[in-house]
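What follows is each chain in one-letter form.
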Amino acid sequence: MKLPFLFTLAILYLLLRVMTVNAQQPMSNGDYIIRTNSLNTVSESVSDLGYKANPTPTNLGPIISEGVNYKIMTGFENLKTTLSFSVSISSDIIDFGILSPTNPIIRTVDLSTNTQGTYGYSVIVFEDQPLTASSSGIKKTFIPDTTCDKGTCGVETSAVWTNALTYGFGYRCDDLISISCDNSFTQPNFYRHFPDIINNDDPQSIISAEGADNQQARISYKVNTSGNQSKGNYGNTVTYIGIPNF
Amino acid sequence: MANKLKAGILYLFLCLISSLCVAHIVNAASLGLSVNPPITVINVIPPTSTTSQISIQNNGDTQTVFQIQIKPFKAKGENGELEYSREALPIIKDIQILDAGTPVESVTLDPKQEKKLSLNINIPQNITISDYYFSIIFISTNSHSEESNSTINQLGIATNVLLSVGQKEDPEAILQDFSTKVFLEEGPVPFTVRVNNIGNQMITPKGEILIKNMFGQSVGRLSLSDVNILANSIRAIPSDFSDFSHPVAVWKEGFLLGLYSATLSLSLSNDGPTFTRTIHFFAFPLQILIIIVIIAIIAIILKNRFDLYANKDRT
């Protein structure tokens, strides 16, 4: 007697779930379709004693200008054209101080992005040369780019680097605020080295992410020298470039 | 009086020395840059000349000189990322960045200063009809004295230009992939839409996916994002950009039951051609079914027990 009642309840539940209105989809029937993706109209403020509703006008892209022989569109479809694409780093110099053999030094710099006006973006990085001592009149010496503990990391692949007897210069990237550092950095103590322009390496992407507000990553530089490393002031230049997707 | 004069001179001397010392201390400063627009799409029929604006702002702490570079690029992967090519841009001599009408190769900006530059492209009659994709990159040229072991960080920012030269050709593309999982227990449903642009010009297809249930009723309509697909490249087209690494069109329906059909309509341009392809998928909420079966079994057991006790009471 109770079994049919239970099945009826189950069928009713299923039907109700099927009939649930999903507000995220466009509304439509045979006669009309309402899509709210690009609805971009502005009405006057509406107010009453208990409330005031202000319009929220948006400047959605692209902005189009046309001439006889040309057409120019700036900005992305359905994204605000007033939003700039921004990148910043917290410091323009990393000072390693005095290098002590077999005593690794780690320094960090924070990289922030503001990319709401794009569908996505990446940050590429490269170095002009390995850390090089540039004393005049003396043959140039350098600290080699790291290949990590097992000699397996490079410009694209990272590997563990914890051994104090593994020498070189490398970096890693950690997510701070909703950013997407390259997948090769998901494990701690995994490092790789910067692409070297002098060595004909291609710049490498360290961050690829969707366009969003206030994202931040921390880049850690690590340097470790052997006892045989010549004395001198070692230096190089690392360049980060923020690139919006097309 | 003489002592006061000596003390004054000594004080001034000390002030001078200390200010000189402070001037030689290397201070780290933050670097920041904004650019707008992030992308400019230009269609031209030669000969012509176009000018568009680029706004650049120094968000850093110090006055900085930014070098301007122009680099050609191609598509990297299928999600709109790019990679720079080593070849020089064939039309580099036809492109100029102007600051108040004067061609510049660098721009100096004070902290928080914004400057509007002009991107001027002169397209001669004899230019090769083709698409040209390039970035205009602004790179800081900060430097420090090499008095310690250090790495200098430079910061750059790019704005992309997609330039199509010549009359628009009929788009040529292949629908490389339109698929989803054949069987699902529940939503949301991810659709993979990949288009291979085999033409010589960039396209920006417009498309949607119409989903119908087994009774032929429309239960979902999914608008695809308008994305630029470069010539001779494949791009996956999402409905939004929430999953950056795997762009998919997502039908955000939670409960699914039965056989569904999904029809993709994709117009390569306002004048066509249009692709239409239909796929089917089946959904059945196994978990809910299992719960119902368990409840039914428990109900049967309880009913039998009650019947048993009722019979015992009677006897």
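Definitions and cut-offs
Residues numbered from 1 in each chain as written. Chains lettered and ligands numbered in written order. Predicted model: local features only at pLDDT ≥ 70, side-chain atom pairs only at ≥ 80, totals over all residues. Helix = DSSP H or I, 4+ residues; strand = E, 2+ residues; numbered from the N terminus. Rg over C-alpha atoms; globule rule 2.2 N^0.38 Å. Buried ≥ 20, exposed ≤ 12 C-beta atoms within 10 Å, placed from the backbone. Contact = placed C-beta atoms within 7 Å. Nonpolar A, V, L, I, M, F, W, Y, C, P; charged D, E, K, R; others polar. Pairing = 2+ DSSP bridges. Domains from an automatic or database assignment. pLDDT = per-residue confidence, 0-100.

Novice: Hey, could you run me through the overall build of chain B in this one?
Specialist: Helices and strands together make up the secondary structure of chain B, namely two helices and 20 strands. Relative to the globule expectation of 20 Å for 315 residues, the C-alpha radius of gyration of chain B, 33 Å, shows a markedly less compact shape. In chain B, which comprises 315 residues, the share counted as buried stands at 34%. Pairs at least 24 residues apart make up 69% of the contacts formed inside chain B by residues separated by at least 6 positions.

Novice: Even after reading the chapter, I still don't get the interface of chain A and chain B, so can you show me in this structure?
Specialist: Buried accessible area, meaning the area lost when the parts come together, often serves as the stated size of an interface. Contacts between the two partners involve 67 residues from chain A and, on the opposite side, 67 residues from chain B. Only helix H1 (2-18), strand S6 (70-74), strand S7 (85-89), strand S8 (93-95), strand S16 (204-209) and strand S18 (234-244) of chain A provide two or more residues apiece to the side of chain A that touches chain B. In terms of residue count, S18 of chain A provides more of the side of chain A that touches chain B than any other element does, 11 residues in total. Residue composition of the side of chain A that touches chain B, by class: 28 nonpolar, 31 polar and eight charged. Here S6 of chain A pairs with strand S2 (residues 39-44) of chain B via five bridges, running antiparallel.

Novice: What is the right way to read the domain arrangement of chain B from this model?
Specialist: Residues and elements named next belong to chain B. Once the domains are mapped, chain B shows domain 1 (28-144 + 152-165) and domain 2 (173-285). On a C-alpha basis, the centroid separation for the pair domain 1 and domain 2 is 34 Å. Contacts between domain 1 and domain 2 engage 10 residues on the former and 15 residues on the latter. When residues of the side of domain 1 that touches domain 2 are traced back to their parent elements, those giving at least two are strand S4 (64-76), strand S10 (131-140) and strand S11 (150-165). Among the residues making up the side of domain 1 that touches domain 2, the classes are represented as three nonpolar, four polar and three charged.

Novice: What's the story with the sheet that holds S7 of chain A in this structure? I'm lost.
Specialist: Each strand in a sheet pairs with another by means of backbone hydrogen bonds, the pair being arranged parallel or else antiparallel. The nine strands lie next to each other as S14(A)-S17(A)-S9(A)-S7(A)-S1(B)-S3(B)-S9(B)-S6(B)-S7(B), forming an open sheet whose pairing is antiparallel. Single-partner strands in this sheet number two, and they are strand S14 (168-177) of chain A together with strand S7 (102-103) of chain B. Two elements, strand S9 (residues 105-114) of chain A and strand S17 (residues 215-224) of chain A, share nine bridges in a ladder whose sense is antiparallel. By the bridge assignment for S17 of chain A, Thr108 of chain A is matched with Ser220 of chain A.

Novice: It is not clear to me how the confidence of the model for chain A should be interpreted in this structure. Could you clarify?
Specialist: Interpretation of this model should avoid reading the predicted coordinates in detail wherever pLDDT is low. All names here are of chain A. In the predicted model, chain A carries a mean pLDDT of 83, and 74% of its residues have values of at least 70. Contacts from residues 18-26, a stretch scored under 50 in pLDDT, to residues over four places away or in other chains number 12 contacts. Between residues 35-44, whose pLDDT stays under 50, and residues either more than four places distant or in other chains, the model counts 11 contacts.

Novice: Help me understand the environment of Thr180 of chain B in this model?
Specialist: All names here are of chain B. Relative to the elements of secondary structure, Thr180 occurs in the loop between strand S12 (173-179) and strand S13 (183-184). The class for Thr180 is partly exposed, based on 19 C-beta atoms found within 10 Å. C-alpha separation for the pair Thr180 and Ile279, spaced 99 residues apart in sequence, amounts to 8.2 Å. Excluding its chain neighbours within four sequence positions, the residues that come into contact with Thr180 are Val189, Pro190, Phe191, Thr192, Ala262, Ile279 and Phe281.

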